[in-house]
Amino acid sequence: MSLLWSSRARAFALSAAVVLFAGCASTTQPRATEPVKVKVFVAAMFEIGQNTGDRAGEFQHWYERYWKGATPIAVPGALQPVYCNADGVCGAVLGMGKVNSSSSMQAILLNPKFDFSQTYYVISGVAGTPPSRGTIGEVSWATWLVDYDLGHRWAPEENKAGEPTFMPRKGYEEYRRFKLNPDLVAWAMKLSADTPLKDSDSARAYRLRYPQAAARRAPFVGTGTHMTGDTFFHGPGMSNQAQYIAKLYGADDYVITEMEAAAVTLVIKRTHGTDRVMSLRGAVNFDQGNPRETTLQHLDPAPGETAGGFAETVENIELVGSRVVDHIVANWPQWQNGVPAR
């Protein structure tokens, strides 16, 4: 009897220990969290100081509208953390320039903490504009994104006078230009074209230095080709070359010069396509000087000779963009499977 009881007791004790161990193991293992289902991702390129409470850069107005107090989500390989709200609106500062911004975007897109399967993207920031096409404080939705850098260039003095000094390079056809979804651009304009925009006395005075009618306009919401280049080009010659490249590639008129959108879009294209990509830029400078200043004077202005209107423009970008973001989120059943018919 004692031997039988002893055998049964040992078996019971062993069984209990196994159950206890399994229970402990299940409680100590971390529970897998569901990835954040991102409805809209807003990408800015830089911020000045903090995300709130000081001078605003490209991210601050977005942050204060959607993520104030949100917990930052660290992403290895990205320049800055991602912020998300309960409505599925996320955003981050990617960094300036093509390499900086696109590497951050790729790290974020490939991170398992997020589900980008149905995401709309707003690539936003400040930019320059040719005085023949735009003005300080305007906000522009891109119809095309064109890479300014990919190709062959040579010095003007090594060419026949007046002829182009740029030639496309073969092999770049799939990533030197992107035509953004026309239906999405049309939706963006429909929702935001009548947005009341901020302006400043300094910007109004600065515009009067230029003779072009477009340059003298009050801020407006428009569309056109955004030219992406790591080269921060200045002067009528470089501006004319940008317009030449846009036309060479069959794109719309060049209206915005910036440094990131085509590169960021290429990364998105390789993971999720470009049907849901939007590029939104606000002009804070002209891409050339007025007739009474040289290109170098325009590039390196004396104190008090800058355009002004920066604070108003970064606010305008968010005022315009948030109309589209809010509409998509509020009407998600109609948007989640693709851009709806207008």
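Up top you'll find the structure we're talking about.
Residues numbered from 1 in each chain as written. Predicted model: local features only at pLDDT ≥ 70, side-chain atom pairs only at ≥ 80, totals over all residues. Heavy atoms only, no water.

1. Examining the pattern of salt bridges
And step 1. The tally for this structure, following the rule as stated, stands at 16 salt bridges.
And step 2. R281 is paired through a salt bridge with E260; the nearest N and O atoms lie 2.9 Å apart. In this pair, R281 is assigned in strand β13 (residues 277–286) and E260 in the loop between β12 (254–258) and α7 (261–272), connecting sequence segments 21 residues apart. Taken individually, R281 and E260 each receive the classification buried, so the pair is uniform in this respect. (Salt bridge = Lys/Arg side-chain N within 4 Å of Asp/Glu carboxyl O. Helix = DSSP H or I, 4+ residues; strand = E, 2+ residues; numbered from the N terminus. Buried < 20%, exposed > 50% of the residue type's maximum accessible area, 1.4 Å probe, protein only.)

2. Observations regarding the packing of helix α3 (residues 98–109) against α7
And step 1. At their nearest, the axes of α3 and α7 sit 8 Å apart, and the two run at 25 degrees to each other. By the angle between their axes, α3 is roughly parallel relative to α7. Considering how the two elements wind past one another, α3 and α7 form a crossing that is right-handed. Residues K98, S101, S102, M105, Q106 and L109 of α3 lie in contact with α7, whose contacting residues are A263, V264, V267, I268, T271 and H272.
And step 2. Along the lines of polarity and charge, the residues of the contact of α3 with α7 split into six nonpolar, five polar and one charged. (Axes fitted to C-alpha atoms, helices over the stretch in contact; angles between N-to-C directions. Parallel < 35°, antiparallel > 145°, perpendicular 65-115°, else oblique. Left-handed = near helix turned anticlockwise from the far one by under 90°. Contact = heavy atoms within 4.5 Å. Nonpolar A, V, L, I, M, F, W, Y, C, P; charged D, E, K, R; others polar.)

3. Some thoughts on helix α4 (residues 182–192)
And step 1. Within the span of α4, buried status applies to L184, V185, W187, A188, L191 and S192. Take α4 and look down its axis: the buried residues cluster within an arc of 160 degrees, on one side only.
And step 2. Against the buried residues of α4 lie β6 (120–129), β7 (139–147), β11 (221–228), β13, α9 (310–330) and α10 (332–335).
And step 3. Sitting at the amino-terminal end of α4 is N181, which places a side-chain oxygen 3.0 Å from the backbone nitrogen of D183. (Arc of directions from axis to C-beta. Polar contact = N/O pair within 3.5 Å; in protein donor to acceptor, adjacent residues only side chain to side chain.)

4. Structural notes on the side chain of D147
And step 1. Along the polypeptide, D147 turns up in strand β7.
And step 2. Here D147 falls in the buried class, since its relative accessible area comes to 6%.
And step 3. Of the polar contacts made by the side chain of D147, one reaches the side chain of K98; its length is 2.9 Å.
And step 4. Of note is the side chain of D147, whose polar atom sits 2.8 Å from the backbone nitrogen of D149.
And step 5. In contact with D147, not counting residues within four places along its chain, are K98, Y175, R176, M227, T228, Y249 and A262.

5. Thoughts on the pairing of β6
And step 1. For β6, the buried fraction is high: ten of the ten residues fall into the buried class.
And step 2. Bridge count for β6 against β13 is nine bridges, and the pairing is parallel. Note that in β13 the partner of V122 across the bridge is M278. (Pairing = 2+ DSSP bridges.)

6. Points about the packing of aromatic side chains
And step 1. The full count for this structure, using the stated rule, is 18 aromatic pairs.
And step 2. Between F41 and F116, the ring centres sit 5.9 Å apart and the planes meet at 75 degrees, which makes this aromatic pair edge-to-face. Of the two residues, F41 sits in strand β2 (residues 40–44) while F116 sits in the loop between β5 (114–115) and β6, which places them 75 residues apart along the sequence. With respect to class, F41 is no different from F116; both count as buried.
And step 3. Here the aromatic cluster, defined as three or more aromatic residues joined through ring pairs, consists of F59, W62, Y63, Y66, W67 and Y83.
And step 4. Taking NZ or CZ as reference, R153 lies 4.0 Å from the ring centre of Y148, over its face.
And step 5. The ring centre of F220 lies 3.8 Å from the NZ or CZ of R217, which sits over that ring. (Phe/Tyr/Trp six-rings, centres within 6.5 Å; stacked < 30°, edge-to-face > 60°. Lys NZ or Arg CZ within 6 Å of the ring centre and 35° of its normal.)

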